[in-house]
Each structure stands twice: as C-alpha cells, then as structure tokens.
Amino acid sequence: MLVLTRKRNESIVLADEITVTVEEISGRDGARLGGTRVRLGFQCPRHVSIERSECRFRSSGAGRWNDAAPAAPRPGRLSEVPDAQVQLCIRVPRKVPVCLNGKLTLGIESEAGYDDAAGSSTVVYRITCHREDIVTICRNISVAPVAFLRFVPSRSPVAQGC
C-alpha cells in the first residue's frame with residue numbers, strides 16, 4: 001500500500017486518467033478543520049501509476065523546480081485528529097465504476113470543458129469518507145483514509161518568557 005499525505009485542494013493522479021482531489025477535511029459535525037491533512041492509502045496493481053499532481057505538473061516541463069533553499073522546519077509535531085472525515089472529488093472516465101464500502105455510488109457527468117483530448121467524457125464523484133471507509137475504483141484500485149493529522153507548533157522558551 002502506498003500512503004500519501006494530502007491537504008485541502010491537493011490531488012493524486014492514477015493511471016493518467018483518474019484524479020482524486022481532497023476537497024474538504026472536517027469533523028463529523030461538518031465543521032471545517034483548517035490546517036489538517038489526510039493520509040490516503042492506495043492499493044492497486046503494480047502497472048498503475050500514482051503521482052501527486054504537483055509532481056506531474058513539474059515533470060511535464062510546464063512548471064519549474066523552486067531553486068530556493070528549503071524552509072527551516074518549524075518546531076512542533078503532528079497530532080492525530082480522532083473524529084474527522086474527508087470529502088474526495090474523484091474524476092474518472094465514464095464507464096469506470098466507483099464504489100464506497102462495496103456499494104456502487106452515483107456520479108455526475110462532467111461539463112464539456114473537462115472532457116479529455118480523446119473526446120471521452122468523465123464522471124465526477126463527491127464522496128465523504130471516514131477513517132474506516134474504502135473507495136474502490138475500477139474494481140482493482142482502493143483508496144482509504146488512513147489517518148487525519150494536524151500540525152501542533154511547540155512553544156519556544158522565548159515565547160514563554162524564559
């Protein structure tokens with residue numbers, strides 16, 4: 001299983017034609033959890049490519065690697081958020097089935113502007129997942145929220161007045 005961490009509005013591209021985007025991370029009550037990340041686990045056959053969308057953009061030559069030095073890590077730690085959920089936007093070719101916990105879900109035919117170059121239409125699924133849920137795409141690709149994390153900055157001695 002490949003595990004990737006994503007923030008709100010970040011995407012993963014599977015097999016060059018399936019896009020999984022994190023639309024929102026919220027508590028079970030629906031309140032948005034700012035600064036939270038979700039770890040998504042992907043299980044699929046070895047021949048299926050999985051790329052973070054920002055890496056795909058850079059490798060296409062359309063973007064440039066940032067030559068600046070990486071920012072110094074902030075002091076703190078990641079803390080697990082126990083009762084969270086994620087809304088995923090999954091865009092797949094028209095005839096690719098998408099299931100949530102083994103039950104077929106309904107998608108919305110995408111607008112003409114989102115059709116691929118080959119002229120085949122796509123379907124968009126908006127699925128809210130909890131930690132125990134599994135989304136299956138095309139019967140052989142599984143996506144599951146593994147953990148929800150939030151960065152908790154540590155207090156420095158200067159900030160505490162020491």
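Heads up: these notes are all about the structure in this document. Values in this document were obtained by computation on a predicted structure and should not be read as measured data.

## Things to note about the pattern of salt bridges
In step 1: Per the counting criterion, the structure on display carries nine salt bridges.
In step 2: Across the salt bridge formed by Arg126 and Glu23, the nearest N and O atoms sit 3.0 Å from each other. Remark: Glu23 occurs in strand E3 (residues 18–27) and Arg126 occurs in strand E11 (residues 122–130); sequence separation between them is 103 residues.
In step 3: Between Glu132 and Arg28 there is a salt bridge whose closest N-O contact spans 3.4 Å. With a gap of 104 residues between them, Glu132 in the loop between E11 and strand E12 (135–137) and Arg28 in the loop between E3 and strand E4 (36–43) connect regions that are remote in the sequence.
In step 4: You can call Arg28 partly exposed: its relative accessible area is 40%.
In step 5: In the salt-bridge network here, residues are joined through shared partners; they are Arg6, Glu10, Arg52 and Glu54.

## Some remarks on the sheet that holds strand E10 (residues 108–109)
In step 1: Judged by pairing direction, the sheet is antiparallel, and its six strands sit side by side in the order E5-E2-E3-E7-E11-E10 without closing on themselves. Pairing within the sheet leaves two strands with one partner each, and these edge strands are strand E5 (50–52) and E10.
In step 2: Summarising the sheet, strand E2 (residues 11–14) and E3 pair through four bridges and their orientation is antiparallel. Its bridge partner being in E3, Leu14 is matched across the sheet by Ile18.

## Quick look at unusual backbone geometry
In step 1: Of note, the phi angle at Ala15 is positive, near 50°, even though the residue is not glycine.
In step 2: Among the structural elements, Ala15 can be located in the loop between E2 and E3.
In step 3: Under the relative-accessibility criterion, Ala15 is labelled partly exposed at 30%.
In step 4: A positive phi angle, close to 55°, is found at Asn101, a residue other than glycine.
In step 5: Along the chain, Asn101 falls in the loop between strand E8 (98–100) and strand E9 (103–104).

## A word on the environment of Cys44
In step 1: Note that Cys44 resides in the loop between E4 and E5.
In step 2: Each C-alpha atom of the pair Cys44 and Met1 lies 7.8 Å from the other, and the pair is 43 residues apart in sequence.
In step 3: Not counting the four nearest positions on each side in its chain, Cys44 is found in contact with Ile50, Asn140 and Ile141.

## Details of the environment of Glu24
In step 1: Note on placement: Glu24 falls in strand E3.
In step 2: Once the C-alpha coordinates of Glu24 and Val38 are considered, the two residues, 14 residues apart in sequence, prove to be 9.9 Å apart.
In step 3: A distance of 3.4 Å separates polar atoms of two side chains, one belonging to Glu24 and the other to Arg8.

## As for the environment of Leu149
In step 1: Position of Leu149 among the secondary structure elements: in strand E13 (residues 141–153).
In step 2: In sequence terms Leu149 and Arg37 are 112 residues apart; their C-alpha atoms lie 5.1 Å from each other.
In step 3: If we skip the residues at most four places from it in the chain, Leu149 touches Gly35, Thr36, Arg37, Arg39, Leu78, Ser79, Glu80 and Val81.

## Some words on the nonpolar core
The tendency in soluble globular proteins is for nonpolar side chains to be buried side by side.
In step 1: Ranked by size, the top nonpolar core spans 29 residues in total, and within it Leu14, Val86, Leu88, Ile90, Val92, Val135 and Ile137 carry the most contacts.
In step 2: Of all the elements in the fold, those that place two or more residues in this core are E2, E3, E4, strand E7 (84–93), E11, E12 and E13.
In step 3: With five residues, E7 is the largest single contributor of residues to this core.
In step 4: Not counting residues up to four positions away in its chain, the partners in contact with Ile90 are Ile18, Thr19, Val20, Val123, Val124, Tyr125, Ile127, Val135 and Ile137.

## What to know about the side chain of His130
In step 1: Of note, His130 is situated in strand E11.
In step 2: On the basis of relative accessibility, which here comes to 19%, the residue His130 falls in the buried class.
In step 3: In this structure His130 touches Arg28, Ala84, Gln85 and Pro145, once residues within four positions along its chain are discounted.

Conventions adopted
Residues numbered from 1 in each chain as written. Predicted model: local features only at pLDDT ≥ 70, side-chain atom pairs only at ≥ 80, totals over all residues. Heavy atoms only, no water. Salt bridge = Lys/Arg side-chain N within 4 Å of Asp/Glu carboxyl O. Helix = DSSP H or I, 4+ residues; strand = E, 2+ residues; numbered from the N terminus. Buried < 20%, exposed > 50% of the residue type's maximum accessible area, 1.4 Å probe, protein only. Pairing = 2+ DSSP bridges. Contact = heavy atoms within 4.5 Å. Polar contact = N/O pair within 3.5 Å; in protein donor to acceptor, adjacent residues only side chain to side chain. Core = buried A, V, L, I, M, F, W, Y, C linked by side-chain atoms within 4.5 Å.

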